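The chain contents come next:
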Amino acid sequence: MPPNKLIQKYIPSAQNFANYFGGAIILTKSNALQQVDNVLVDSTEVYMITECNQKDVFFVVCLKEEISLETITFINKELYSSTIKNFQVYGSVVYPTKEWELLGNFYAEDSNEWQIFNLEQRFLRYLKIHIVEFHNAEFHCTLTQIRVFGQTVIGDLIDSHKRDKKVIKPETKTENSTQEQQEINQNEVSEEEDRSKNDTCSVVDYFYSNQPSKKIESQYINVLPYESRQSLFKVTAQNILILSHNVELFKNEINSIKQQDLQYLQEQDEIKSFQQQIMTSIQEQKLVNNNLKEDLEFLYRKFLAMFIILIAIAIILILISFCNQNKQQTIQHNRVSTKICSTIVKSQPELLTPQLIENQINRKSISQIKPQNGKSKKAH
């Protein structure tokens, strides 16, 4: 890695954006690195420490606000320890991020003075320091402090939004805070961990995340109020993102309402078409019923006429049979009476009267006329 640094005892006075008391924090780190938070403290009495045989370790710094990065400086003030040899610097505007932008590969001397590394200007908020290799002159390697310099975009240009310049001396740190910093060594620091109210890397910064939670995606978010230790650009940018998020939710709700309306209209159209189909089927069924009714009435009338005809025929046949019976009875009665009269006349001729004689003559003439009629019919 080509050197890209200046070594000097003192650095010019400038605003350090990687200051713990200004709001910068360590978001995550490798397990091999211990007491990493100390590199953000402006003190030569505390430091980050690890074994020099460690390779490919890293830590992520959240700067106090968004800056256009220009320079990174660090120093190791421990006399009986080595320091970083080869390292890489990555940057990002958002965190967590899927891809870090490589800002440069650097080589550092095993020195106890400030080492300055200039970078091409990049607008960012998060730095990832990837330590590729340490100097192995000692068993332990340390890093006392790291400072980051750059230019703010909006914040310092507005008089109504000046940062709080109050500086807290390192000596005021309590033993509890030092112990808390040492307890971080066991595991990587979680990015969702809650921070203090003076911390500008609050959980709201993670609204920039590329993979927001489903809970945030489905909720409206209130805009952020401005606080004295926060960046105006950060608050404004986050409020813009929040407003755009709310607008997207609103658009989604409007689209869902429109889709529901369209679905409702489609359902209404389907209901109307179904009703029309039912009405047409009912009308067709009515026509069928009417046709069936007419057919039934026709069959009923036909059956009734046939029944009446059959009854009439039966009555005629009964009458004919009755007439034939009466005729036969009359003929038999006449024969019987004739026989009786003939026997009486034969036995008692004196009883024969002129009237009886006429009756007998008429009967004989009638009996003679009948055979003649039969013969004439045959001749014809």
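Residues numbered from 1 in each chain as written. Predicted model: local features only at pLDDT ≥ 70, side-chain atom pairs only at ≥ 80, totals over all residues. Heavy atoms only, no water.

Taking an unreviewed UniProt entry as the reference, the protein is identified by name as SUN domain-containing protein belonging to Paramecium pentaurelia. Listed in UniProt under the heading Subcellular location (unreviewed entry), the comment for the protein reads: "Endomembrane system". (UniProt positions renumbered as here; feature names shortened; annotations may be inferred.)

### As for the overall build of the protein
Counting its regular elements, the protein contains four helices and nine strands. Ordered by position from the N terminus, the helices and strands of the protein form the series β-β-β-β-β-β-β-β-β-α-α-α-α. Across the 380 residues of the protein, 31% fall into the buried class. Considering only intrachain contacts with a sequence separation of at least 6, the fraction spanning at least 24 residues in the protein is 81%. Of the roughly 25400 Å² of accessible surface on the protein, 56% is carried by carbon and sulfur atoms. (Helix = DSSP H or I, 4+ residues; strand = E, 2+ residues; numbered from the N terminus. Buried < 20%, exposed > 50% of the residue type's maximum accessible area, 1.4 Å probe, protein only. Contact = heavy atoms within 4.5 Å. Areas by Shrake-Rupley, 256 points an atom, 1.4 Å probe, with all protein chains shown as cover.)

### Regarding the pattern of salt bridges
By the definition in use, this model includes five salt bridges. Across the pair R147 and D42 runs a salt bridge, and its minimum N-O distance is 2.9 Å. Taken together, the residues R147 in strand β9 (residues 145-151) and D42 in the loop between β2 (25-29) and β3 (48-51) connect sequence positions 105 residues apart. Residues E66 and R125 are paired through a salt bridge, measuring 3.5 Å at the closest nitrogen-oxygen approach. Remark: R125 occurs in strand β7 (residues 114-134) and E66 occurs in strand β4 (residues 57-75); sequence separation between them is 59 residues. Look at the salt bridges and you will find they share partners, linking E101, E120 and R122 into a network. (Salt bridge = Lys/Arg side-chain N within 4 Å of Asp/Glu carboxyl O.)

### A closer look at the side chain of T144
Among the secondary structure elements, T144 is positioned in the loop between β8 (140-143) and β9. From its side chain, T144 meets the backbone nitrogen of K77 in a polar contact 2.8 Å long. (Polar contact = N/O pair within 3.5 Å; in protein donor to acceptor, adjacent residues only side chain to side chain.)

### With respect to empty space enclosed by the protein
Per the stated rule, a full pass over the model turns up one cavity of 30 Å³ or more. The computed volume of the largest cavity comes to approximately 30 Å³. Considering the residues around the largest cavity, the lining is formed by F59, F74, I84, F87, I129, L143 and I146. Split into classes, the residues belonging to the lining of the largest cavity amount to seven nonpolar, no polar and no charged. (1 Å grid on protein atoms, 1.4 Å probe; cavity = no way out; pocket = protein on both sides within 12 Å on 5 of 7 lines; lining within 4 Å. Points joined across faces, edges and corners; volume = space filled by probe spheres on them. Nonpolar A, V, L, I, M, F, W, Y, C, P; charged D, E, K, R; others polar.)

### Some points on the UniProt feature "transmembrane region" (unreviewed entry) in the protein
Per the UniProt annotation, the sites labelled "transmembrane region" (unreviewed entry) are residues 303-322. This span, residues 303-322, is 100% helix and 0% strand, and a straight line between its end C-alpha atoms measures 28 Å.

### Details of a nonpolar patch on the surface
Taken together, the side chains of Y300, F303, L304, F307, I308, I311, I315 and L319 present a nonpolar region at the surface, about 810 Å² in accessible area. Residue placement: I311 occurs in helix α3 (residues 232-347). For I311, a relative accessible area of 36% translates into the label partly exposed. (Patch = residues over 30% accessible without salt bridge, like charges linked within 9 Å, V, L, I, M, F, W, Y side chains within 5 Å.)

### Examining the side chain of S111
As for its position among the elements, S111 is in the loop between β6 (101-107) and β7. Taking the relative accessible area as the measure of exposure, S111 reaches 17% and is therefore buried. At 3.2 Å, the side chain of S111 and the backbone nitrogen of E113 are in polar contact.

### Comments concerning the nonpolar core
Membership of the largest hydrophobic core comes to 35 residues, with the highest contact counts inside it found for F59, L63, L69, F87, V89 and L127. Residue assignment for this core shows that the elements contributing at least two residues are β4, β5 (84-92), β6, β7, β8 and β9. Top element by residues in this core is β4. It accounts for eight residues. Of all hydrophobic cores here, the second largest spans seven residues; its members include F58, V60, C62 and Y95. (Core = buried A, V, L, I, M, F, W, Y, C linked by side-chain atoms within 4.5 Å.)

### Examining the pairing of β2
Within β2, five of the five residues are buried, leaving the element largely enclosed by the surrounding structure. Summarising the sheet, β2 and β4 pair through four bridges and their orientation is antiparallel. The residue of β4 that forms the bridge with I25 is C62. (Pairing = 2+ DSSP bridges.)

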